[in-house]
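Coordinate inspection notes
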Amino acid sequence: MEPLRQKLERLTQNLWWTWRPEVRSIFRDLDLELYQRAHRNPISVLRQIDTRQMENRAMEVDVPARIDRALRQLDEYLHPVTTWGLFHAGPLSTRPVAYFCAEFGIHESIPIYSGGLGILAGDHLKGASNLGVPLVGVGLLYHQGYTSQVLDGTFWQQDVLEPFDLKDLPLRPSLTPRGEPARVGVEMPGRTVWAQVLEACVGRVRLLLLDTRDPANSETDQALAARLYGGDQRMRIEQELMLGVGGARALRAVGITPSVFHLNEGHTAFAVLERARHRVQADGLDPWAALKEAAAATVFTTHTSVDAGHDRFPADLAEEHLRPLAEGLRLPVQDLMALGRVNPADHGSPFMPTVLALRQSSRANGVSALHGVVSRAMWTSLWPGRPEAQVPIGHITNGVHVSTWLATEMDQLFEARIGTNWLDGMVHPDLWTRIEGVDSAEIWEIKQVLKARLVRFIRGRVAATRAHQGLPPVDPPPLDPDALTIGFARRFVPYKRPDLLFTDPDRLAALVNHPTRPVNLIFAGRAHPADQTGKALIQKVNRLLEDPRFRNRIVFVENYNIHVGRNLYQGVDAWLNNPVRPLEACGTSGMKAVLNGALHISVLDGWWAEAFDGQNGFAIGSGESHADPEIQDRRDAEALFRVLEEEVVPCYYDRDPAGVPRAWVKRVKRSIRTLAWRFNSDRMVMDYVRHCYLPAAVAASCQMPPA
Ligand SMILES: *Cc1c(COP(=O)(O)O)cnc(C)c1O
């Protein structure tokens, strides 16, 4: 018989477990304390647990049977009889889509993401896996891992490198068709930088990760991909070359010939140049024909409305780095530079990878309807003479991977009330009408359970934080489990306005301390390690929280990540989002909260601008903008307080004799019915297949000679 440890190891080798709570719970039940210490990483648990102790414990908690069942399910998942992709993405089956991204957020224990972009990419891979869409992810392995956010005694964010061992990741060398470990080299100024190609399995999808710790590299170059978005402009452009050029070469090295390159953000843009370069070198194509062909097979997604979010590399730096590609393409380097300049004739102007990607792709999109509009306006000058409405940038609104974010209790509710096949049919609106028939008391009870769990989680975190800050514990412990609980978690940057509620501390104090209708507020979020403005915002909010009027009602939770996020989305009653419109390209945290029965309270920005129907959540303001940011902030703060005081709070506290807030739960049902089918990763990936991948694959194959 196969030993238990070996079976468990097999289970950890595919990241399928990341969205299967019943599989994660096997490892938790083996040793809860170790599981938490190991950041809920099953491989790490297995490496540290004593075999004898594990076997004894396994018998106590029925682990052997649960493992067998999980292995059977994994096997069935990996060898499906049929999938959506088989019917709808057939042309991709021999030549998959290559999904390039600088970060992938798959699980908190895999430190290759920083925020929304990465988590979206992770959800995209999981969605493609579920649907059976042939797709392979391409990214970098940031081998130094994460920094965790720790606030010091003055509430200044310290970025502490978390100890981390690559052996704890389910990575293995990618092999060439000849069975040798794949390795790629990328020419950089004065040298070649090497990377080994490793891979992880995300369900049915492979994720290739480039690892620059190659012995042939200098020490500096080994550290090229040590940290996500670390370093200066030079390091950044070199990381992007490694990702784009190295990524395209890695695919070739392991014998994958993608039909379509899906480039996410400008960071990945160099891939398209490498694809063309290879055709010139290998098949003798004319450079411009090769560039045209590569563009036809490329789709590009822009993920931000914030101008500063797009890299601008100084001309000298870019030229130096583009030279090898230009030589390979047999083009003057200035021709490549021109592809990345807003105004091609303006020599000396910076090189923008986003501009390169927009020019060198056949389809481009933003990530919500409003973001499509904003992006068309933002990039009009790339299509001189065209009216804004005809700028060729469309949109596909983001969605979230439901199984990753859904509480087990909600999953069970959907199983029982929507149908056992709800996961497979979730993109169908009809299915969700069944939520209307569910007893409001049942939904309410589930939310109470989830909220109680969240409050326990938060109290534990707050106590630990205060202890290491040298502050006394909050007594009595913060948050009232019966109070309306609103979450706000996101990167601390000015446009997201984490301090908007604090513009009127007296009004806020009155709101949260209402004698019969109290409100809990939970804040979380990090700043980029180099972002002093963001860190100052965190400090400002935390200082304000020292006000005794807030101490028991409003908390800040350190170290927002997938784990903290999952707890928040599942437990809160409502989710708050108050960015400066229209700077939030999409936003996805609200979608995760909505799936778990929370109501979204948001400025009509990003996805909410197309999702809000008047009754499936709450709107802050009515979508107006003002050129003067101060006036805009004042108006939005007023609108925010008004919706909280006049709509949200009264609705939540209006109870029937049994204590159930009927009108509130009615809104929750409407929110789930109208939003769940649209804002999930199945719908998102289906949209990409239909509107981007298939058309690009077909157009590209018409151009290309048979392989
Ligand atoms: C979903 C998620 C994000 C992105 O959410 P936004 O609404 O885009 O801010 C960021 N971080 C974590 C941990 C998430 O789970």
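In this text, all values refer to a predicted model and were calculated from it rather than measured experimentally.

Here we look at unusual backbone geometry
- Cis geometry is found at the peptide bond from Asp475 to Pro476, where omega equals -5°.
- Along the chain, Pro476 turns up in the loop between helix H20 (440-469) and strand E13 (484-489).
- Cis rather than trans, the peptide bond between Arg581 and Pro582 has omega equal to 0°.
- For Pro582, the location among the structural elements is in the loop between strand E16 (574-577) and helix H24 (589-595).

Some points on the sheet that holds strand E15 (residues 554-557)
- Across the sheet, which stays open at both edges, the six strands sit in the order E15-E14-E13-E16-E17-E18 with parallel pairing between neighbours. Every interior strand has two partners, whereas the edge strands, E15 and strand E18 (618-620), have only one. Averaged over all pairs of adjacent strands, the angle between strand axes in this sheet comes to 20°, irrespective of strand direction.
- Bridge count between E13 and strand E14 (residues 519-524): six bridges; the pairing is parallel. Bridging from a neighbouring strand, Gly487 pairs with Ile522 of E14.
- This element, helix H21 (residues 505-512), spans E14 and E15 of the sheet and lies at about 120° to E14.

Overview of the packing of aromatic side chains
- By the definition in use, this model includes 22 aromatic pairs.
- On the numbers, 6.0 Å between centres and 85° between planes, the contact of Phe502 with Phe550 is edge-to-face. Of the two residues, Phe502 sits in the loop between E13 and H21 while Phe550 sits in the loop between helix H22 (532-545) and E15, which places them 48 residues apart along the sequence. Comparing Phe502 with Phe550 shows no difference in burial state: the two are buried.
- Relative to Trp575, the ring of Tyr569 lies with its centre 5.2 Å away and its plane at 70°, an arrangement referred to as edge-to-face.

Examining the domain arrangement of the chain
- Each assigned domain of the chain is listed with its residue range as follows: domain 1 (4-78), domain 2 (84-150 + 157-398 + 686-703) and domain 3 (405-679).
- Relative placement of domain 2 and domain 3: their C-alpha centres are 33 Å apart.
- Across the boundary between the two partners, domain 2 contributes 30 residues, which contact 37 residues of domain 3.
- Here domain 2 packs against domain 3, burying approximately 2,300 Å² in sum over the two surfaces, 54% of which is carbon and sulfur.
- Of all residues in domain 2, Gln149, Gln157 and Leu370 bury the most surface against domain 3, accounting for 27% of the area lost on that side.
- Run the count over domain 2 and domain 3 and you get two salt bridges.
- For Lys535, the salt bridge is made with Asp159, and the minimal N-O distance between the two is 2.7 Å.
- The tally of links between domain 2 and domain 3 comes to 12 residue pairs in polar contact (both at pLDDT 80 or more).
- Contributing elements (two or more residues each) for the side of domain 2 that touches domain 3: helix H8 (116-131), strand E3 (147-151), strand E4 (157-161) and helix H16 (369-378).
- Counted by class, the side of domain 2 that touches domain 3 contains 12 nonpolar, 14 polar and four charged residues.

A short note on the site of the ligand
- As a structural note, the neighbourhood of the ligand is formed by 13 residues, with Ile119, Tyr569, Thr588, Ser589 and Lys592 the closest of them.
- Between the ligand and Tyr569, the relevant distance is 2.6 Å, taken from an oxygen atom to a side-chain nitrogen or oxygen of the residue.
- Note that an oxygen atom of the ligand is positioned 3.1 Å from one of the backbone N or O atoms of Thr588.
- Surface burial for the ligand is 92%, taken as the share of its 390 Å² of free accessible area covered by protein chains.
- Mapped by element, the contributors of at least two residues to the shell around the ligand are H8, helix H23 (562-571) and H24.
- Residue classes in the shell around the ligand are distributed as five nonpolar, five polar and three charged.

Digging into the UniProt feature "domain: DUF3417" (unreviewed entry) in the chain
- UniProt tags residues 6-110 as "domain: DUF3417" (unreviewed entry).
- Taken end to end, residues 6-110 has its terminal C-alpha atoms 22 Å apart, with 58% of it in helix and 4% in strand.

Cut-offs used in this document
Residues numbered from 1 in each chain as written. Predicted model: local features only at pLDDT ≥ 70, side-chain atom pairs only at ≥ 80, totals over all residues. Heavy atoms only, no water. Helix = DSSP H or I, 4+ residues; strand = E, 2+ residues; numbered from the N terminus. Pairing = 2+ DSSP bridges. Axes fitted to C-alpha atoms, helices over the stretch in contact; angles between N-to-C directions. Contact = heavy atoms within 4.5 Å. Phe/Tyr/Trp six-rings, centres within 6.5 Å; stacked < 30°, edge-to-face > 60°. Buried < 20%, exposed > 50% of the residue type's maximum accessible area, 1.4 Å probe, protein only. Domains from an automatic or database assignment. Buried area = accessible area lost by both parts, 1.4 Å probe. Salt bridge = Lys/Arg side-chain N within 4 Å of Asp/Glu carboxyl O. Polar contact = N/O pair within 3.5 Å; in protein donor to acceptor, adjacent residues only side chain to side chain. Nonpolar A, V, L, I, M, F, W, Y, C, P; charged D, E, K, R; others polar. Near = heavy atom within 4 Å. Areas by Shrake-Rupley, 256 points an atom, 1.4 Å probe, with all protein chains shown as cover. UniProt positions renumbered as here; feature names shortened; annotations may be inferred.

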